[in-house]
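Here are the chains, one letter per residue:
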Amino acid sequence: MATTAPVHPVDEVPPVRQLAAFGLQHVLAMYAGAVAVPLIVGGAMKLSAADLAYLITADLLVCGIATLIQCIGFWRFGVRLPIMQGCTFAAVSPMVLIGTTGGGLPAIYGSVIVAGLAIVLLAPVFGRLLRFFPPLVTGTVILIIGISLLPVAGNWAAGGVGAEDFGEPKNIALAAFVLAVVVGVQRFAPVFLSRIAVLIGIAVGLAVAVPFGFTDFGGVGDADWVGISTPFHFGAPTFEASAIISMLVVALVTMTETTGDLIAVGEMTDRKVEPRSLSDGLRADGLSTVLGGIFNTFPYTAYAQNVGLVGMTRVRSRWVVATAGGILVVLGLLPKLGAVVAAIPAPVLGGAGLVMFGTVAASGLKTLAQVDFKGNNNLTVVAVSVAMGVLPVGVPTIYEKFPDWFQTVMNSGISAGCLTAIVLNLLFNHLPAKAGSADASVTETAGLPGGGVEEGVQKSREEVV
């Protein structure tokens, strides 16, 4: 008598009730991070409330589509694992710079489309380049991302750049209250609630802000109940060399992040990621990023907080996360919801942002903790890279006498720090040392944990965040 082959947990389809509950949980875990990117970029460009709402709903719509592509897949697109997709924070600084000084949203979308196409083309060969992205480089870059974004949270906490009441004690108090709520939920609430501590903090902060006059929901009444993001809503994309170069650097960083997330989920679900499936996952990232440029949103990557949620809940079905993608598509078709999110007071976002962006920086430190700093020059690699990454954040006008293309690349702490880390890692850990020098014995191994190059490549695949 023939027996049916057992279904792998990744491919199991839970009952509808469980699908809805687990899927909503994934949405709640990533929602605050997902809407933060359009809020940061749109806020920096001083867009109207209506345009901010449009950006948010477009982002949620494409987040959902990107998640469906990654989880369900078609042809050679999609890793077919429980992977949640969202806008990457690595692109925030370059996009703000491009948007405010280099051509506005059309220039951003042009560079995003090119970056997405580049990811699709690079996906099959990226595994061969992974040796140049050990935890030494990746941890440094993630640390710089978090540090670069912290001033954004600080400006929010003070009331938002350009606000008449910027720095008023009431703004700082509201941000501090939200921060205290987030920390309290993480410390004392059940595990499930602690996973959505940021969202709870924003909700409680908003509830407190309304009676104290912090909010203006005027744009909510004007927003449509239902709407669809149309291609190139803000104008036809423009393709500027400096913006494209900056976004290509971001593409390399996001490919590294996604690679680590895909491998981590593969291990959690007992479905090991092979070179082919890794390429399929990266190719889905690229396609989603192209769709982002077309449908008025930004580059996409796997969300690490949802990777952690898979490990915590032990719910391994990709159809759970696909359901979450469907929920995001529905939310993206409701502009009124985007208008509500856009009306959240800046200090509320500031309190939550301090936790979110600080967590990104802490994740970089966690990755760097796995790196060997004894008997090599790895400390120099980190020190100089962080210095170059933080320099334009602390002194925004330092490169204003340089050509525009140079400013676009180097005024982004992410781009500057990433390029520096890659070059210095190559210099100290991959180029042959002088014969007889103290560094000769550690060349090719210092930048990689565990010793040999091949072992280090495997480690970087497993440990990169």
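Small disclaimer: the values here were computed from a predicted structure and weren't measured. (Residues numbered from 1 in each chain as written. Predicted model: local features only at pLDDT ≥ 70, side-chain atom pairs only at ≥ 80, totals over all residues. Heavy atoms only, no water.)

Points about the packing of helix H4 (residues 104-122) against helix H12 (residues 275-294)
Orientation of H4 relative to H12, taken along the N-to-C sense of each, is 160 degrees, at an axis distance of 7 Å. Classed by the angle they form, the pair H4 and H12 counts as roughly antiparallel. Crossing hand, H4 versus H12: left-handed. Contacts between H4 and H12 involve Tyr-109, Val-112, Ile-113, Gly-116, Leu-117, Ile-119 and Val-120 from the former and Leu-282, Arg-283, Asp-285, Gly-286, Leu-287, Thr-289, Val-290, Gly-292, Gly-293 and Ile-294 from the latter. (Axes fitted to C-alpha atoms, helices over the stretch in contact; angles between N-to-C directions. Helix = DSSP H or I, 4+ residues; strand = E, 2+ residues; numbered from the N terminus. Parallel < 35°, antiparallel > 145°, perpendicular 65-115°, else oblique. Left-handed = near helix turned anticlockwise from the far one by under 90°. Contact = heavy atoms within 4.5 Å.)

Some points on the packing of helix H2 (residues 49-71) against H12
Interhelical geometry of H2 versus H12 gives an angle of 160 degrees and a closest axis separation of 9 Å. For the element pair H2 / H12, the angle class is roughly antiparallel. Judged by the twist between their axes, the crossing of H2 over H12 is right-handed. Facing Val-62, Ile-65, Ala-66, Ile-69 and Gln-70 of H2, the residues of H12 in contact are Asp-280, Gly-281, Ala-284, Asp-285, Leu-287, Ser-288, Leu-291 and Gly-292. Per-class residue counts for the contact of H2 with H12 are seven nonpolar, four polar and two charged. (Nonpolar A, V, L, I, M, F, W, Y, C, P; charged D, E, K, R; others polar.)

Brief notes about the side chain of Thr-420
Here Thr-420 shows up in helix H19 (residues 413-429). Overall, the relative accessible area of 14% leaves Thr-420 in the buried class. For Thr-420, the residues in contact, after removing those within four places along its chain, are Val-384, Ser-385 and Met-388. (Buried < 20%, exposed > 50% of the residue type's maximum accessible area, 1.4 Å probe, protein only.)

Quick look at the environment of Val-253
Mapped onto the fold, Val-253 is located in helix H11 (residues 241-268). With relative accessibility at 5%, the residue Val-253 sits in the buried group. Here the alpha-carbon distance between Val-253 and Thr-301, two residues 48 residues apart in the chain, equals 9.9 Å. For Val-253, the residues in contact, after removing those within four places along its chain, are Ala-90, Val-141, Ile-145 and Cys-418.

Describing the confidence of the model for the protein chain
When pLDDT is averaged across the protein chain, the result is 79; 83% of the residues are at 70 or more. Helix H20 (residues 453-463) is the least confidently modelled element of the protein chain, averaging 40 in pLDDT, while H4 averages 92, the highest of any element. Counted against residues more than four places away or in other chains, residues 441-465, with its pLDDT under 50, gives 61 contacts. (pLDDT = per-residue confidence, 0-100.)

Topic: unusual backbone geometry
Positioned with a positive phi, Trp-75 is a non-glycine residue whose angle comes to about 45 degrees. Given the relative accessible area of 70%, Trp-75 is considered exposed. Despite not being glycine, Arg-80 shows a phi value in the positive range, around 60 degrees. Of note, Arg-80 is situated in the loop between H2 and strand E1 (85-87).

Some thoughts on a nonpolar patch on the surface
The grouping of Trp-225, Val-226, Val-330 and Leu-334 at the surface amounts to a nonpolar patch, some 440 Å² of accessible area in total. Inspection of the secondary structure assignment puts Trp-225 in the loop between helix H10 (218-222) and H11. Classification of Trp-225 as exposed rests on a relative accessible area of 64%. (Patch = residues over 30% accessible without salt bridge, like charges linked within 9 Å, V, L, I, M, F, W, Y side chains within 5 Å. Areas by Shrake-Rupley, 256 points an atom, 1.4 Å probe, with all protein chains shown as cover. Salt bridge = Lys/Arg side-chain N within 4 Å of Asp/Glu carboxyl O.)

Regarding the nonpolar core
Phe-89, Met-95, Ile-108 and Phe-298 are the most contacted members of the largest nonpolar core, which totals 104 residues. When sequence neighbours within four positions are dropped, the list of residues in contact with Ile-108 reads Val-41, Met-45, Met-95, Ile-98, Gly-99 and Phe-298. (Core = buried A, V, L, I, M, F, W, Y, C linked by side-chain atoms within 4.5 Å.)

Things to note about the pattern of salt bridges
Taken as a whole and assessed by the stated rule, the structure comprises five salt bridges. A salt bridge links Asp-11 to Arg-271; the shortest N-O distance between them is 2.6 Å. With Asp-11 in the segment before helix H1 (16-44) and Arg-271 in the loop between H11 and H12, this residue pair connects regions lying 260 residues apart in the sequence. Relative accessible area serves as the criterion here: at 24%, Asp-11 is assigned to the partly exposed category. Taking the shortest distance from any N to any O, the salt bridge between Arg-76 and Asp-280 comes out at 2.8 Å. With a gap of 204 residues between them, Arg-76 in the loop between H2 and E1 and Asp-280 in helix H12 connect regions that are remote in the sequence.

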